[in-house]
Amino acid sequence: MKLVRLILVVAKDVLVDVLIGRFHGADYGNALKGMKGRLSPFLNVAQRQKIFPEDSKYTGNLSDMDISLLYIILRNLNTIASHQNGWGNDPDENDRTPSANIDRIRIAKNTIVSHSSSFSIGYAYFNNNWKAMRQCCVELGGEKYGVTIDILLTSSIDCDSEQQIAELVRNLKESDLQYERSLNKIEECCTSVELKIEGNNLPCKTEVETQLDQYNNKNISQTSVKDGSIIICLEMFFICFFQNFGYFLAVIDGVLQRIFQAR
């Protein structure tokens, strides 16, 4: 139970501190509202209701979020660089970047808590994971978390605390199940929008390809470029499309500006 508490309570508090630092004193509700188009495809119903309440905005202090929700937000901030193996993947052992440690907390939560049917573990497994989580928490949140973790290691857990952790685990398993279901639906929500441009005044094929290669947008891919004709594919989520039509138009505008820079 101590290792579970370390992950669900202490490591979660670390992620809250990281997110608070990234918001730089901004109003959390407004900051999250600005990310709605990016976040919505990855949220289950409960998560969406929490941070995007109907006819209102989020008014909490971030501590009411669980690891799964904090991870989604941190990953989609676009201010934390991806680690060497990319968000959502196991980081290399020697990669101690913030995103690598955030992914380590997510992985520990999944393997030790969410996907585990028993909390009975051996000493070596406990010791290795305890040390790994302690290092992550200290590197992300500072030495104060090292002190907290060391106290937790030597303290006893009473019956009430054990019941609270058990309730946290039950809620987390249900939340993660909903999250996995929502991820399975993402492919169903994704559509390709083709933008076709034709005309005698278009730049030549080589110039257009060069400009598009330099246009950094993960939603864009060029499917056909010929002299006098360009077909560009935009991979868009239905949710993002309808909730952030302005972003969709901005992407198109950026593409057109890139293309006609070649003139």
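Residues numbered from 1 in each chain as written. Predicted model: local features only at pLDDT ≥ 70, side-chain atom pairs only at ≥ 80, totals over all residues. Heavy atoms only, no water.

If you look the protein up in an unreviewed UniProt entry, it shows as DZIP3-like HEPN domain-containing protein from Mytilus edulis.

A. Just the packing of helix 1 (residues 2-23) against helix 7 (residues 123-141), in detail. The contact between helix 1 and helix 7 brings their axes to 10 Å, and the two run at 15 degrees. Taken together, helix 1 and helix 7 sit at an angle that is classed as roughly parallel. Considering how the two elements wind past one another, helix 1 and helix 7 form a crossing that is left-handed. Facing helix 1, whose interface residues are K2, L3, L6, I7, A11, V14, L15 and V18, helix 7 presents F126, N129, W130, M133, C137, L140 and G141. Its residues assigned to classes, the contact of helix 1 with helix 7 comprises twelve nonpolar, two polar and one charged. (Axes fitted to C-alpha atoms, helices over the stretch in contact; angles between N-to-C directions. Helix = DSSP H or I, 4+ residues; strand = E, 2+ residues; numbered from the N terminus. Parallel < 35°, antiparallel > 145°, perpendicular 65-115°, else oblique. Left-handed = near helix turned anticlockwise from the far one by under 90°. Contact = heavy atoms within 4.5 Å. Nonpolar A, V, L, I, M, F, W, Y, C, P; charged D, E, K, R; others polar.)

B. Broad picture of the packing of helix 1 against helix 5 (residues 67-75). Packing of helix 1 against helix 5 leaves a shortest axis separation of 10 Å and a crossing angle of 30 degrees. Judged on the interaxial angle alone, helix 5 and helix 1 are roughly parallel. In this structure, helix 1 crosses over helix 5, and the sense of that crossing is left-handed. Taking contact as the criterion, the partners of I7, L8, K12, L15, V16, V18, L19 and F23 in helix 1 are, on helix 5, I67, L70, I73 and L74. Here the residues of the contact of helix 1 with helix 5 sort into eleven nonpolar, no polar and one charged.

C. Examining the layout of surface pockets more closely. Taken as a whole, the second largest pocket holds about 350 Å³ of empty space. Contributing to the lining of the second largest pocket are 14 residues, with R104, I107, N129, A132 and M133 lying nearest its centre. Sorting the residues of the lining of the second largest pocket by element identifies helix 6 (98-114) and helix 7 as the ones contributing at least two each. Here the lining of the second largest pocket takes six residues from helix 7, the largest share from any one element. In the lining of the second largest pocket, the residues fall into six nonpolar, four polar and four charged. (1 Å grid on protein atoms, 1.4 Å probe; cavity = no way out; pocket = protein on both sides within 12 Å on 5 of 7 lines; lining within 4 Å. Points joined across faces, edges and corners; volume = space filled by probe spheres on them.)

D. Molecular detail of the nonpolar core. Grouped together as the largest cluster of nonpolar side chains are 48 residues, with contacts concentrated most on I7, F23, L32, L39, I51, M65 and I73. Elements supplying a minimum of two residues to this core: helix 1, helix 2 (28-33), helix 5, helix 6, helix 7 and helix 8 (143-154). Once residues lying within four places of it in the same chain are set aside, the contact partners of I7 are K12, I67, A108, K109, I112, V113 and M133. (Core = buried A, V, L, I, M, F, W, Y, C linked by side-chain atoms within 4.5 Å. Buried < 20%, exposed > 50% of the residue type's maximum accessible area, 1.4 Å probe, protein only.)

E. Region of interest: the environment of G141. Following the sequence through the fold, G141 ends up in helix 7. Its relative accessible area of 23% is what places G141 among the partly exposed residues. A sequence separation of 130 residues divides G141 from A11, and the C-alpha atoms of the two residues are 9.1 Å apart.

F. Molecular detail of helix 8. For helix 8, with twelve residues, the first-to-last C-alpha span of 17 Å sits near the 16 Å given by 1.5 Å per residue. The set of residues buried in helix 8 consists of Y145, G146, I149 and L152. Buried residues of helix 8, seen end-on, are gathered within an arc of 125 degrees and therefore sit on one face of the element. Those residues of helix 8 that are exposed and angled more than 90 degrees off the buried face are K144, I151 and T154. Each element contacted by the buried residues of helix 8 is listed here: helix 1 and helix 7. (Expected span 1.5 Å × (residues − 1). Arc of directions from axis to C-beta.)

G. Summary view of the pattern of salt bridges. In the structure shown here, the tally under the stated rule is seven salt bridges. For D17, the salt bridge identified is with K144, shortest N-O distance 3.4 Å. In this pair, D17 sits in helix 1 while K144 sits in helix 8, placing the two residues 127 residues apart along the sequence. Using a relative accessible area of 52% as the deciding quantity, one classes K144 as exposed. (Salt bridge = Lys/Arg side-chain N within 4 Å of Asp/Glu carboxyl O.)

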